[in-house]
Amino acid sequence: MKIILLGAAYVAIGVALTCVVLFADPYTQYVMNLVLSSIVVAIGLNIVLGFAGLLSFAHSAFMGIGAYATAILMARLQLPYVLALPLAGLVSATVGVCVGLPAVRVRGLYLALVTIACLYFFSWVFVHWDTVTNGSNGMSVPTPAFAGIPLESDEQKFYLLLPIAALMLWLAAVLMKSRLGRSFVMVRDAELAAQTCGINVMTTRALAFGISAFYAGVGGGMFAMSVSFIDPHSFGMLQMVTQFGMVLIGGISSLAGSLIGATLLTILPEFLREFRGAEEILYGFLMIVFIIFMPDGIAGFLRRRGWIGATDLGGRAKRVRPGRSGGDPSVPAQSRLAAEMKKWVAK
Amino acid sequence: MDLPVYIVVGISNGTLYALMALGLVLLYKTQNFVPFVNGEFFTAGAFAALTVFKVFALPYWAAICVAVLCGAAIGFICERAVIRPLANSHHLSLVMATVGASILLQGVARIHWGDDIYSIPPIMSGMSVDLGGVPIALQNLIIVVAAVVLMAALYVFFSFTRIGKQVKAVSQSLVGAQIIGINPNRVYRTTWMLSGAIGAMAGVLAAPFTLLYPDMGSEILMKGFAAAILGGLTSIPGALVGGLIIGISEMLIGGYINTVFIKISAFVIIMLVLLVKPQGLFGTNTIGRV
Amino acid sequence: MSQDILTVDNLGVRYGGLVALNGVSLRVSPGQIHGVIGPNGAGKTTLFNAISGLTALSTGSISLNGADITRLPAHARTAFGMRRTFQSVQLIKPMTVLENILLGLHVDARPPAGQPRMAPGAPRPSALERAAEVAAQLGLSEHLYKTIDLLSFRNQRFVEIARALVSEPQLIMLDEPAAGLAGPEVDELRDMLLRMQERMGFAILLVEHVISLVMQLCERVTVLEFGAVIASGTGKEVMADRNVIRAYLGEEIDA
C-alpha cells in the first residue's frame, strides 16, 4: 500500500476545500467555515483526551470562553481579529490551567465528573452573567477586517480562517513530536515510569489542559466569527458530545483523525435538519458503534490499511542523520559512533 | 415560605436526588465505573407518567407501575447492547459509551415529543396535610413514603433473595464471586434493571410538579452525581444522606440568598468535594488522589 | 575516600497499621553491583518504590550522591543520577523503540555538579544519536523503528533498560529484570549488564529472585525478610548465613 505523505495530503485537502468554497453557494461556504473551527476545537480535544489521556468534559466550555472573549475583545476593545483571536485563546488557556491544576490531582473518572461540573457551571455563567456576556440575549460578533477591508461574506471569512486552521494543525504536529508531546503520552501510558524519568506528572497534565483549552478558545473564536452571533446555550452537553464524537469517530490520538471527524460531524447534521432528534440519535449511535467496533476510529482503520503513515504519535521518529554532532562537516568522523550511524542510516 | 416548609420541600427533593444517586452507586459498586445514562431513566419515568395520564387516563399507581417497568426495560437494553460488548474495555470507554447512549435516548424522546415542554396536572392539587402545624403538600409526602417503601423492598431484596445476595457478592469481589459460580452477566442485568427502575420511579414521582422535556434528565443526573459523590460513591447510605443534604441546602440557599444559585449548587458541590475529599462523607479510601 | 552513591538509613514504610519496611539500611558504592534478595513479600519492591519516591516513607532518610533526597518528589530525584526499571515493563506500546528510549533523556540524569564524561572538545552527540547508540550496544538496532507491541518480551525488557541507561545515570535500580526470561536470555542479560557497567561505570541496585544471577553479578547482597534486613555481605557470606537459609527454606526441626 502506498503511504501518502501526510503533509502532502493536508495540502491537497486544503486545496480541495478552497475549490469547494470558490464554486459553492454562501450556505455551503458558511458550513466550510464551521468545519474549520471544528477542526481546531477537535485537535484541542484530541490533545487532552487522546494524547494526554484525560477525560475532560470542560472542552466545550473553553470553546465558549474563547468565543465570548473574541467577541468582547473586538467589540469593546476594538481589537483587530488577528489580535483578538490568539488573546482569546490565551484567556481560555489560562482558565484551562486554573481548572486543570486542581482537577488533575484526581483520577480519571473523578476528573470526568469535575469537568462535567465545570461544563454546566460555565454554561450557567454564559447565560446569567448579563454584564459581560449579555446573558440570554446572546452577543453579536463584529465583522472582522483584514488590512482595512471588512470581511462580510462567508467566502471572505473562509480565506482568513483557512490559514489559521492550517497553522494550528501544524503547531499541533510539532507539539506532538516534541519532548513535551512525548511526555503527554508517557504520562498517559506509563505514569510511574514517567515520574522516574523526571517528568512532573501533575504539571504535565495541567499543561495539557492549558494547551487544549488554547485550541478550544481559538476554535471558539473562529466559530464566533463564522456565526456572527453567539448563543449562550451552544456550549453545553450537546456540543461536548459532538466534539467527543468527532474525536472518537475520526480516531483518537490522531491529528488526521481530528480532521476527518470534525469534517464529518459538522457536515452530517446539515442533512438532518428536518428530522427531529435525528442528530442526537446519529451521534449517540455512532459513538456507541465506534467505541465497540472501531475504537481507533477512521484514522486507525486507515492506518492499519497503510493508507496513512503512522506519523501521528506512535510513529516514526526523525531519521538520525550522520554528522549531526555539531562539528565541522569537513572533519572526518572521529568516533566509532559515526561509523555505526552510517551503517543503518541508509534505511 | 418559611424554614419548616423549606426543610420539607428540601427533604422531598433530596429524596429524589437520593434515588438517582442510589442507582449510580449500585452500578459503581458492581461494575466500577460511573454511567452517564441514568438521567434518561428519570426522563423515561416522567414521560411514561405523561403518557399514562394523557393517553390512557389511568390513576397514579398505574403510572408508577408502567414507569418502573419502562425504566427496567431501558436499563436492560442498555446493559445488553452497550455495556456487555465493552465488558473488558477501559472504564473510560464505558463512560463514553454511556454518554452516547444518553444522547441517543434523548434523540429518541425528541422524535415523538419534539422540543415542547409538557406538564401533568398535579395529582391531588392543593391538598396538604398538617403535621405539627406545618403544611406538607401531599405530593411531597407521597415521594417520601414511596421512597421509604422502595428502600425497604431493596433491603429485603439484597438480604434475602438469591440474586440480591449475588449482587452483593459481585460488588465485594468480582473474582471471588465468579470463583464460586456466580454469573456476573446475570448480576449486571439485574443491577441495570434495578437502576433503571429506581431512576424511572424518581421520574414518575417528580412528574406532577415539574416541567417535562426530553433533556430533563441531565439536570437530575448532575444532582444525582453530586449526592453520590458527597455521600461517597461506594456507600448506599451515603447516597441517601448526600441526597438529603443537597436537597435541603438547595432550598435554604435559594430561600435565603438567591434562587438563581439553586441550579449551580450541585456543580459547586461536586467540584468542592472532589478536590477536597474525593471519597465523600462515607466512601472508602480507594478512590481518587493520584 | 569516595562517597557512597546511595545511602539508605533506617528506612521505614508503614501503611496504616501494616509495617512494610522497618529499619532498613544499606549503602551502595560508586560502580558497585548490589543485590537485594528475600522471600516473597519481604518488601523488596516497596524498598525500590521508597528510594525512587513512588512510595512515601515514614521514617529514615535517603541520600543520593551525598544529597538528601528524602523529601523530594519522585520526578525531582532523577536529577541526582538515579534511574530504575519496573517488574512489569512500563513502555509506551504504540511508540517505537527509539521514541521510548528517548523518553529516558527527558531529563538529564547527571547530578548537578557532575564530572564531564568526555574529553573536552569532543562533540556532544545529540539526543537521537545517544539513544541510537545505547540501542546498538544492547543489540536493539534492528528494532529501532518498530513499535513496542511487536517486540519479544526479552527485547521489551532490554528497551526499558536502555531507557534507564541512555541518560548515563550513576545508579540504576533494576526490579527483577530476569523475571520471565528463559535461561539463555538471563545469560544475555548478565553479559549485557556487565559490559555496560564496565563501559559507563554506573552502580546497580538489583532486586532478583534468580539467585544464580545475583551470585554472578553482585559484589554485595542485602537480604530482606518481612520488611527488615536479616543479612548483608558478599554473596557467599550471605548464602551461608543461617538466617537466610531459614528464611528461604524454613527451620530444621530436631525431633
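The rules behind these values
Residues numbered from 1 in each chain as written. Chains lettered and ligands numbered in written order. Predicted model: local features only at pLDDT ≥ 70, side-chain atom pairs only at ≥ 80, totals over all residues. Helix = DSSP H or I, 4+ residues; strand = E, 2+ residues; numbered from the N terminus. Rg over C-alpha atoms; globule rule 2.2 N^0.38 Å. Buried ≥ 20, exposed ≤ 12 C-beta atoms within 10 Å, placed from the backbone. Contact = placed C-beta atoms within 7 Å. Nonpolar A, V, L, I, M, F, W, Y, C, P; charged D, E, K, R; others polar. Pairing = 2+ DSSP bridges. Axes fitted to C-alpha atoms, helices over the stretch in contact; angles between N-to-C directions. Core = buried A, V, L, I, M, F, W, Y, C linked by C-beta atoms within 7 Å. Parallel < 35°, antiparallel > 145°, perpendicular 65-115°, else oblique. Left-handed = near helix turned anticlockwise from the far one by under 90°. Expected span 1.5 Å × (residues − 1). pLDDT = per-residue confidence, 0-100. Right-handed = clockwise from strand over helix to strand, strands pointing away.

Scanning chain C for helices and strands turns up 9 helices and 10 strands. Taking 18 Å as the expected radius of gyration for a compact globule of 255 residues, we find that chain C reaches 19 Å, a close match to that expectation. Residues classed as buried in chain C amount to 47% of the 255 residues present.

Of regular secondary structure, chain B possesses 11 helices and 2 strands. Mapped in sequence order, the helices and strands of chain B form the string α-α-α-α-β-β-α-α-α-α-α-α-α. Relative to a compact globule of 290 residues, whose C-alpha radius of gyration would be 19 Å, chain B shows 19 Å and is just as compact. Taking the principal axes of its C-alpha atoms as reference, chain B extends roughly 55 × 45 × 40 Å. Going through the 290 residues of chain B one by one, you find that 51% of them count as buried. Sequence-distant contacts in chain B: of pairs separated by 6 or more residues, those separated by 24 or more amount to 75%.

Our next topic: the interface of chain A and chain B. Contacts between the two partners involve 34 residues from chain A and, on the opposite side, 39 residues from chain B. Residues of the side of chain A that touches chain B, tallied by class, amount to 25 nonpolar, 4 polar and 5 charged.

Attention now goes to the sheet that holds strand β9 (residues 220–225) of chain C. All names here are of chain C. Pairing is mixed across the open sheet formed by 6 strands, whose spatial order is β6-β7-β8-β3-β9-β10. Of all the strands in the sheet, just β6 (82–84) and β10 (228–233) have a single pairing partner and so form its edges. For this sheet the average axis-to-axis angle between neighbouring strands, irrespective of direction, equals 15 degrees. As judged from the 3 bridges shared by β6 and strand β7 (residues 171–175), these two strands associate in the parallel manner. Looking at β7, one finds that Arg84 is bridged to Met173.

With 285 residues, the main nonpolar core has Leu113 of chain A together with Ile270 of chain B as its most contacted residues. Those residues in contact with Leu113 of chain A that lie beyond four places of it in its chain are Val34, Phe225, Ile229, Ile270 and Leu274 of chain B.

All names here are of chain A. Relative orientation of the contacting elements helix α11 (residues 237–250) and helix α12 (residues 255–271) amounts to 130 degrees, with a least axis distance of 7 Å. Between α11 and α12, the angle is such that the two are oblique. Seen from above, α11 lies across α12 with right-handed handedness. Contacts between α11 and α12 involve Thr242, Gly245, Met246, Val247, Ile249 and Gly250 from the former and Gly257, Ser258, Leu259, Ile260, Gly261, Ala262, Leu264 and Leu265 from the latter. Of the residues contributing to the contact of α11 with α12, the split by class is 8 nonpolar, 6 polar and no charged.

Residue and element names in this part refer to chain C. Spatial ordering of the open sheet is given by β2-β1-β4-β5, a layout of 4 strands whose pairing is antiparallel. Since the sheet does not close on itself, it has two edges, and those belong to β2 (18–28) and β5 (67–68), each with one partner. Bridge count for strand β4 (residues 59–64) against β5 is 2 bridges, and the pairing is antiparallel. The residue bridging Ser63 from the neighbouring strand is Asp68, located in β5.

Moving on, we get to the pairing of strand β1 (residues 6–15) of chain C. Residue and element names in this part refer to chain C. In this sheet, β4 lies alongside β1 in antiparallel orientation, the contact comprising 5 bridges. Bridge pairing in β4 links Leu6 to Leu64. As defined by bridge partners, β1 adjoins β2 across 7 bridges and the pair is classed as antiparallel. Pairing of Arg14 across the sheet is with Val19, part of β2. Connecting β1 to the antiparallel partner β2 that follows it, the hairpin turn spans 2 residues, and Gly16 within it adopts a positive phi of roughly 60 degrees.

Residues and elements named next belong to chain B. Closest axis-to-axis distance for the helix α2 (residues 38–56)/helix α9 (residues 217–231) pair is 8 Å, and the angle between their directions is 125 degrees. The angle between the axes of α2 and α9 places the two elements in the oblique class. Between α2 and α9 the crossing geometry is right-handed. Contacts between α2 and α9 involve Asn38, Gly39, Glu40, Phe42 and Thr43 on the former and, on the latter, Gly217, Ser218, Ile220, Leu221 and Gly224. Along the lines of polarity and charge, the residues of the contact of α2 with α9 split into 3 nonpolar, 6 polar and 1 charged.

Let's shift gears to unusual backbone geometry. Look at Asn134 of chain A: it is not a glycine, yet its phi comes out positive at around 70 degrees. Position of Asn134 of chain A relative to the elements: it lies in the loop between α6 (130–133) and β1 (139–140). Unlike most non-glycine residues, Asn65 of chain C shows phi in positive territory, near 55 degrees. With respect to the helices and strands, Asn65 of chain C occurs in the loop between β4 and β5.

Attention shifts here to the environment of Gly31 of chain C. Residue and element names in this part refer to chain C. One can find Gly31 in the loop between β2 and β3 (33–37). Its 17 C-beta neighbours within 10 Å are what place Gly31 among the partly exposed residues. A C-alpha to C-alpha distance of 8.5 Å links Gly31 and Ile5, two positions 26 residues apart in sequence. Once residues lying within four places of it in the same chain are set aside, the contact partners of Gly31 are Gly201 and Ala203.

Note that Lys54 of chain B resides in helix α2. Taking the C-alpha atoms as reference points, Lys54 of chain B and Ala239 of chain B, 185 residues apart in sequence, are found 33 Å from one another.

This part takes up the environment of Ala42 of chain A. All names here are of chain A. Looking at where Ala42 falls in the secondary structure, it is placed in helix α2 (residues 26–51). With 32 C-beta atoms packed within 10 Å, Ala42 lands in the buried category. Every residue in contact with Ala42, bar those within four places of it in the chain, is listed here: Gln243, Met246, Val247, Gly250, Ser258, Gly261 and Ala262.

Along its 15 residues, helix α11 (residues 262–276) of chain B runs 22 Å from first to last C-alpha, staying within 8% of the 21 Å computed at 1.5 Å per residue. Taken as a whole, α11 of chain B has its buried residues at Ala266, Phe267, Ile269, Ile270, Met271, Val273 and Leu274 of chain B. For α11 of chain B, the secondary structure elements touched by its buried residues are α5 (108–128) of chain A together with α9 and α10 (236–256) of chain B.

Moving on, we get to the confidence of the model for chain C. Residues and elements named next belong to chain C. Per-chain confidence: chain C averages 85 in pLDDT, with 90% of residues scoring 70 or above. Across chain C, the secondary-structure element scoring lowest on mean pLDDT is helix α9 (residues 242–249), at 80, and the one scoring highest is β7, at 94. Under a pLDDT of 50 for its full length, residues 111–124 has, in the predicted model, 10 contacts with residues more than four places off or in other chains. Here the predicted complex carries an ipTM of 0.84, next to a pTM of 0.84.

All names here are of chain C. Burial analysis of β7 places 5 of its 5 residues in the buried class, which makes it a mostly covered element. Because side chains alternate across β7, one face comprises the buried residues Leu171, Met173 and Asp175, and the other comprises Ile172 and Leu174, equally buried. A crossover links β7 with its parallel partner strand β8 (residues 203–207), the connecting element being helix α6 (residues 183–200), and its sense is right-handed.

With that settled, consider the confidence of the model for chain B. Here chain B averages 85 in pLDDT, and 94% of its residues register 70 or above. The least confident element of chain B is strand β1 (residues 128–131) of chain B, whose mean pLDDT is 70; the most confident is helix α8 (residues 184–206) of chain B, at 92.

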